[in-house]
Amino acid sequence: MGYAELRELQNALSTASDIAFSLGAEPAPHETEPLMEALRRAVAAAGSLGGGAELTGCPEHPRGPVDPLYGDKEDPLPPGWGKCLLCNDRRRRAGGRRRGGRL
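Residue numbering note: each chain is counted from 1, following its sequence as written. Two thresholds apply to this predicted model, a pLDDT of at least 70 for residue-level local features and 80 or more for giving and counting side-chain atom pairs, whereas whole-chain, interface and lining totals are computed over all residues. Processing note: side-chain calculations cover all non-hydrogen atoms of the structure and skip hydrogens and water entirely.

1. Details of the overall build of the chain
Condition: Here a helix means four or more residues in a row that DSSP labels H or I, a strand means two or more in a row labelled E, and each is numbered from the N terminus. Should any heavy atoms of two residues lie within 4.5 Å, those residues are considered in contact. Only the protein chains shown count as cover for residues, and all accessible areas are computed by the Shrake-Rupley method using a 1.4 Å probe.
Looking only at helices and strands, the chain has three helices and zero strands in total. Starting at the N terminus and walking to the C terminus, you meet the elements of the chain as α-α-α. In the chain, the proportion of contacts linking residues at least 24 apart, taken out of those at least 6 apart, comes to 35%. Split by element, the accessible area of the chain, about 7600 Å² in all, is 57% carbon and sulfur.

2. Digging into helix 1 (residues 3-22)
So the rule is basically this: Multiplying 1.5 Å by the helix residue count minus one yields the expected span of that helix. Only protein chains enter the accessibility calculation, which uses a 1.4 Å probe. A residue is then buried if its area is under 20% of the maximum for its type, exposed if over 50%, and partly exposed in between. The directions considered for the arc run from the helix axis to the C-beta atoms.
A rise of 1.5 Å per residue sets the reference length of helix 1, with its 20 residues, at 28 Å; its end C-alpha atoms lie 29 Å apart and thus fit the reference within 8%. Burial in helix 1 covers these residues: Leu9, Ala12, Ala16 and Ile19. Looking straight down helix 1, one finds that the buried residues subtend no more than 100 degrees of arc, so they occupy a single side. In helix 1, those exposed residues whose orientation departs by more than 90 degrees from the buried face are Tyr3, Asp18, Phe21 and Ser22.

3. Here we look at the confidence of the model for the chain
Fine structural detail should not be taken from predicted coordinates in areas where pLDDT scores are low. Heads up, the condition is: In predicted models, pLDDT denotes the confidence assigned by the predictor to each residue on a 0 to 100 scale.
When pLDDT is averaged across the chain, the result is 83; 85% of the residues are at 70 or more. The weakest mean pLDDT in the chain belongs to helix 2 (residues 29-50) at 83; the strongest belongs to helix 1 at 89.

4. Thoughts on the pattern of salt bridges
To be explicit about the condition: Criterion for a salt bridge: a side-chain nitrogen of Lys or Arg within 4 Å of a carboxyl oxygen of Asp or Glu.
Summed over all chains, the structure comprises six salt bridges. Here glutamate 60 ties to arginine 90 by a salt bridge, and the two come within 3.1 Å at their closest N and O atoms. Of this pair, glutamate 60 sits in the loop between helix 2 and helix 3 (85-98) while arginine 90 sits in helix 3, and the two are 30 residues apart along the sequence. Look at arginine 90 and you get partly exposed, because its relative accessible area is 43%. For aspartate 67, the salt bridge is made with arginine 92, and the minimal N-O distance between the two is 2.8 Å. Of this pair, aspartate 67 sits in the loop between helix 2 and helix 3 while arginine 92 sits in helix 3, and the two are 25 residues apart along the sequence. Among the residues examined, aspartate 67 registers a relative accessible area of 3% and is labelled buried. Connected through shared salt-bridge partners, Glu33, Glu37 and Arg40 make up one network.

5. Here's the deal with the environment of isoleucine 19
Within the secondary structure, isoleucine 19 is located in helix 1. The residues contacting isoleucine 19, other than those within four sequence positions of it, are Pro34, Leu35 and Ala38.

Structure below.
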């Protein structure tokens, strides 16, 4: 859990609370849309605190970005490569240098 993620959650919940308390007894649909957006932000921020499905499995970058080619049937990653975009990018660059190319 990082400080930035926790602050995002706190801000989203505070915004949602402010909007909810400012609504009248029977709000119009256009008045509730900002509340829904703030709650979506809060749910997304809460999800980032727990990790879960987006973990890369990489010991060096467990919460790093997932390689968009991971799981791609048409353009699969080489055998042994994992989900971590940072490590896979490093492998790609190293492979390019071995073949004499510049990346």
